[in-house]
Amino acid sequence: MAAESFARWLRENAQHHLVVAAQDRIAKKYRAARPRRPHGFEEQVWRRAFAPVYRAVPWSLRSRVLRAMPGSHRQHWTSWTEPPRRRDPAV
Amino acid sequence: MPHKTLVIGGGAAGIGAAGGVKAADPANTVVVYTDFEDVGYSPCGIPYVHGKEIDSFERLFLAQKEAYVQAGIDIHYEKHVESIDVERKRVTVQGEGEVAWDRLVIATGFDYADPGVPGGGLEGLYYVKNIRRAMEWDKVLDTAKTAVVVHATPLGVEMTTALAQRGLETHLVDPQPWALADIVDPDIIAPVQESWLELGAHLHFNTTLEAFRGERTVSSVATSDGELPADIAVVCTHKRPNISLAAQAGLMVGPTGGLVVDERMATTVADVYAAGDCAELPHGVTRLGVQGLTGSHAYAQGKVAGFNAGGGTKRYQPVYVPWGTPAGKWVIGGASFGETTATALGIPFMVGQAEGISRARYYPGVKKVKIKLLAEPVQRRLIGAQMVGQEGIKERADFLATAVKFGLTLDDLAAMENVYSPAIGALNEPIVLAAQNGLESVPHGR
């Protein structure tokens, strides 16, 4: 249960702050309104430390760590072992 | 051998499950428990009745109660399930006591996140969920002059559009920099926000909700952007999976807060299934859990859960999430995810985008369609798409979700054939233009 709770806490916080950091980058690209600056120590840590470190890790490694977390994706899904594929013509 | 299956919840997933149980074996017994007075209606249609595009709430019902009786589905209305005992295969139902089951489907849906500010107990706070309450709130809207919509979630977007169209002074309050900012890119939502302003709505982004104020009934909403007048406040906070009953029974909860399921929609406890907004599903591209999808996802998951609970064998699949909604004077949509989500996850991607038209340029009613395609940069396989237009968005979203699922590349889409008929399709399909533009950004020889 502790692992479940931690995974939920991590996902909720990491997702929120990574999305805000992403909004900032995308807003600059499209010259849109940017998110408000981080307030307080906790937001500063997530936005100014966690988000850049997360980005610096290659996706191949990061995705392995993310997929190692508990959740429905760790259950049996045939599509993982037999991914959808294009087939030869039917006739 | 026929089973007795209990379904907790009478929304899209619950009713889908009940039908699935019967489809697996008509001799099965299926009993549905719902907290509410009705089942089998489209709650997603409620904003459109409030916006006067649908003339009555009755039109949202898919079937009369008698139809479920005839289908052999025993629905217990306004019966709250208090607890689940997975060891003894019993539930405790308010007013009925212990009820035994062979298989259980949990389809308990969602709750709105608590806004977490003072004044949450005031009257005049509208949480859009139950059709009977929506009928009562619609009468309130007849006399209301001002409304504050709290948070630009998908429901918030629909309610802002509906209330502005209805002529209320409508304020939309959201802590993020643009509407739907955790899923939709700013270039896609920009025309929607302009159209809300044209409809007279007031937009308060990067704005924090501070309190609901009033004597007994809300009369204003305090925000970091000042105090806003409110005869009614429509609370459209994020949806949280309603899993307290299941969690107490020991079912595993995933990192999204939804119940962990496999492709049979089976939970981590034998003979217990889950479907809809209370379940967590894997995303087909990222292979990470997602939660809180659409009504069509919930219904399809319910059918699978019910069919398997009833003794059959069906598989659900990872999701590629085609989505779309009218918003302001536009329709937005997409598949999988956009630039904001891909950037947040740190997934490498390239973009191809184009602005095209929905019909021949000379044909009356022709509309602009902006398409943005995201592809992984090595093989150029499509990983997501977003778009804004006024017609054909839903069909393109469905197609693009399938294109992502089957690994089509920008090269495939750039050479795609398309329907050309002046009244329904332009010579150049916007998806093709977007893919071609994406390829033009690739150095030759790659």
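The present account deals with the structure reproduced in this document.

About the thresholds
- Throughout, residues of each chain are indexed from 1 in the direction in which the sequence is written.
- Naming scheme: in the order in which they are written, chains are lettered from A and ligands are numbered from 1.
- The model is predicted, so local features are restricted to residues of pLDDT at least 70 and side-chain atom pairs to those at 80 or more, both for listing and for counting; the totals for chains, interfaces and linings are taken over all residues.
- Water and hydrogen atoms were dropped before computing side-chain values, which therefore reflect all heavy atoms in the structure.
- Here is the rule: rings of Phe, Tyr and Trp (six-membered ring for Trp) pair when centre to centre is within 6.5 Å. Planes less than 30 degrees apart are stacked, more than 60 are edge-to-face, and the remainder are tilted.
- A run of H or I in DSSP counts as a helix once it spans at least four residues, and a run of E counts as a strand once it spans at least two, with each numbered from the N terminus.
- Think of it in three bands: residues with accessible area under 20% of the maximum for their type are buried, residues over 50% are exposed, and the middle band is partly exposed, with areas taken using a 1.4 Å probe on protein chains only.
- Two conditions define a charge sitting above a ring: the NZ of Lys or the CZ of Arg must be within 6 Å of the ring centre, and it must be within 35 degrees of the ring normal.
- We call a set of buried Ala, Val, Leu, Ile, Met, Phe, Trp, Tyr and Cys residues a nonpolar core when their side-chain atoms join them within 4.5 Å.
- Throughout, a contact is declared for two residues whenever any of their heavy atoms are within 4.5 Å.
- Once two parts are joined, some of their accessible surface, as seen by a 1.4 Å probe, is lost; buried area is that loss totalled over both.
- Here, a salt bridge means any Lys or Arg side-chain nitrogen found within 4 Å of an Asp or Glu carboxyl oxygen.
- Whenever two N or O atoms come within 3.5 Å, that pair is a polar contact, provided that in protein one can donate a hydrogen and the other can accept it, and provided that, for residues adjacent in sequence, both atoms are side-chain atoms.
- Just so you know the grouping, Ala, Val, Leu, Ile, Met, Phe, Trp, Tyr, Cys and Pro go in nonpolar, Asp, Glu, Lys and Arg go in charged, and all remaining residues, Gly too, go in polar.
- Pairs of strands are assigned from DSSP output, requiring at least two bridges between the strands.
- As a rule, the C-alpha atoms of each element are fitted with a line to give its axis, helices using only the stretch in contact, and angles between N-to-C directions run from 0 to 180 degrees.
- Each angle receives one of four descriptions, namely roughly parallel if under 35 degrees, roughly antiparallel if over 145, roughly perpendicular if within 65 to 115, and oblique otherwise.
- Only protein atoms enter the 1 Å grid used here, on which a cavity is any set of points holding a 1.4 Å probe that cannot leave and a pocket is any open set flanked by protein within 12 Å on both sides along at least five of seven lines; residues with an atom within 4 Å of a point are listed as lining.
- Grid points are joined across faces, edges and corners, and a volume is the space filled by probe spheres set on the points.

1. A word on the packing of aromatic side chains
Item 1. As enumerated under the stated definition, the model contains eight aromatic pairs over all chains in all.
Item 2. A centroid spacing of 5.8 Å and a plane angle of 55 degrees characterise the contact between A:Trp9 and A:Trp46, whose relative ring orientation is tilted. Separated by 37 residues along the polypeptide, A:Trp9 in helix 1 (residues 2-30) and A:Trp46 in helix 2 (residues 40-56) bring together distant segments of the chain.
Item 3. On the accessibility criterion, A:Trp9 (46% relative accessible area) is partly exposed.
Item 4. A relative accessible area of 9% means that A:Trp46 is categorised as buried.
Item 5. Ring plane angle 75 degrees and centroid distance 4.9 Å describe the contact between A:Trp46 and A:Phe50, whose orientation is recorded as edge-to-face. Here A:Trp46 pairs with A:Phe50, and both are found in helix 2, just four residues apart, close to one helical turn.
Item 6. Feature note: the residues A:Phe6, A:Trp9, A:Trp46, A:Phe50 and A:Tyr54 constitute an aromatic cluster, connected by ring pairs.
Item 7. Directly above the ring of B:Phe110 sits B:Lys129, whose terminal nitrogen or CZ lies 4.7 Å from the centroid.

2. As for the nonpolar core
All names here are of chain B.
Item 1. Core analysis: the biggest nonpolar cluster contains 56 residues, and Ile-84, Val-91, Leu-104, Ile-106, Leu-251, Leu-259 and Met-265 have the highest contact counts within it.
Item 2. For this core, the leading source of residues is helix 1 (residues 12-24), giving five residues.
Item 3. Contacts of Met-265, omitting those with residues within four sequence positions, involve Tyr-273, Ala-274, Ala-275, Ala-279, Leu-281, Gln-301, Val-304, Ala-305 and Tyr-316.
Item 4. Listed in part, the 43 residues of the second largest apolar core include Tyr-126, Leu-141, Leu-155 and Val-234.

3. A word on the interface of chain B and chain A
Item 1. Opposite the 53 residues of chain B that make contact, chain A presents 38 residues.
Item 2. Summing both partners gives a buried area of about 4000 Å² for chain B against chain A, and 60% of it is carried by carbon and sulfur.
Item 3. Taken together, the connections running from chain B to chain A amount to two salt bridges.
Item 4. Here A:Glu12 and B:Arg240 are joined by a salt bridge, their closest N and O atoms 4.0 Å apart.
Item 5. Where chain B meets chain A, there are 18 residue pairs in polar contact (both at pLDDT 80 or more).
Item 6. With five residues, helix 9 (residues 339-345) of chain B is the single largest residue contributor to the side of chain B that touches chain A.
Item 7. Tallied by class, the residues present in the side of chain B that touches chain A amount to 24 nonpolar, 17 polar and twelve charged.

4. Regarding the side chain of B:Gln176
Item 1. Along the polypeptide, B:Gln176 turns up in the loop between strand 11 (169-173) and helix 6 (186-198).
Item 2. Of the residues examined, B:Gln176 reaches a relative accessible area of 14% and is grouped as buried.
Item 3. The residues touching B:Gln176, leaving out its near neighbours within four places in the chain, are A:Gln23, B:Ala181, B:Asp182, B:Phe205 and B:Asn206.

5. Here's the deal with the pattern of salt bridges
Opposite charge on two side chains makes pairing possible when the charged atoms of those side chains draw close.
Item 1. Taken as a whole, this structure holds 31 salt bridges over all chains when the rule is applied.
Item 2. One salt bridge in this structure joins B:Lys89 and B:Asp271, with 2.4 Å as the shortest N-O distance. One end of the pair, B:Lys89, is in the loop between strand 4 (81-85) and strand 5 (90-93); the other, B:Asp271, is in the loop between strand 18 (259-260) and strand 19 (272-274), and 182 residues separate them in sequence.
Item 3. A relative accessible area of 24% means that B:Lys89 is categorised as partly exposed.
Item 4. Through salt bridges with shared partners, a single network forms among A:Lys29, B:Asp185, B:Asp187, B:Glu339, B:Lys370 and B:Lys372.

6. Re the sheet that holds strand 20 (residues 279-282) of chain B
Residue and element names in this part refer to chain B.
Item 1. Pairing is mixed across the open sheet formed by three strands, whose spatial order is 18-20-21. Pairing within the sheet leaves two strands with one partner each, and these edge strands are strand 18 and strand 21 (289-291).
Item 2. As judged from the two bridges shared by strand 18 and strand 20, these two strands associate in the parallel manner. Residue pairing for strand 20: Leu-259 is matched across the bridge by Ala-279.

7. Let's talk about the sheet that holds strand 11 of chain B
Residues and elements named next belong to chain B.
Item 1. Taken in spatial order, the five strands line up as 9-16-10-11-12 in an open sheet, and their pairing is parallel. Edge positions in the sheet fall to strand 9 (125-126) and strand 12 (202-204), since each has one partner strand and no second.
Item 2. Taken together, the two bridges between strand 9 and strand 16 (residues 232-235) define a ladder with parallel strand orientation. For Leu-125, the partnering residue across the bridge sits in strand 16 and is Ala-233.

8. Re the packing of helix 1 of chain A against helix 2 of chain A
All names here are of chain A.
Item 1. Here helix 1 crosses helix 2 at 80 degrees, and the two axes come no closer than 9 Å. Here helix 2 runs roughly perpendicular to helix 1, going by the angle between their axes. Mapping the contact onto sequence places Trp-9, Leu-10, Asn-13, Ala-14, His-17, Leu-18, Val-20, Ala-21 and Arg-25 in helix 1 and Glu-42, Glu-43, Trp-46, Arg-47, Phe-50, Ala-51, Tyr-54 and Arg-55 in helix 2.
Item 2. When its residues are assigned to classes, the contact of helix 1 with helix 2 shows ten nonpolar, two polar and five charged.

9. As for unusual backbone geometry
Residue and element names in this part refer to chain B.
Item 1. Of note in the backbone geometry, Lys-89 takes a positive phi value of approximately 55 degrees without being a glycine.
Item 2. In this structure, Leu-180 takes a positive phi of about 55 degrees despite not being glycine.
Item 3. Mapped onto the elements, Leu-180 comes out in the loop between strand 11 and helix 6.

10. Here we look at empty space enclosed by the protein
A probe as big as a water molecule, rolled over the atoms, marks out the empty space that is left.
Residues and elements named next belong to chain B.
Item 1. Within this structure, the stated rule accounts for one cavity of 30 Å³ or more.
Item 2. Around the largest cavity, the lining residues are Gly-276, Asp-277, Ala-279, Leu-281, Val-290, Gln-291, Gly-292, Leu-293, Thr-294, Ala-298 and Gln-301.
Item 3. Broken down by secondary-structure element, the contributors of at least two residues to the lining of the largest cavity are strand 20, strand 21 and helix 8 (295-309).
Item 4. Per-class residue counts for the lining of the largest cavity are five nonpolar, five polar and one charged.

11. Focus: the layout of surface pockets
Item 1. Of the voids in this model, the second largest pocket is the one considered here, and its volume is about 560 Å³.
Item 2. Along the walls of the second largest pocket sit 27 residues, with B:Gly284, B:Val285, B:Arg287, B:Arg381 and B:Val404 positioned nearest its centre.
Item 3. In terms of residue count, helix 3 (residues 59-67) of chain A provides more of the lining of the second largest pocket than any other element does, three residues in total.
Item 4. In terms of residue class, the lining of the second largest pocket is built from 14 nonpolar, seven polar and six charged.

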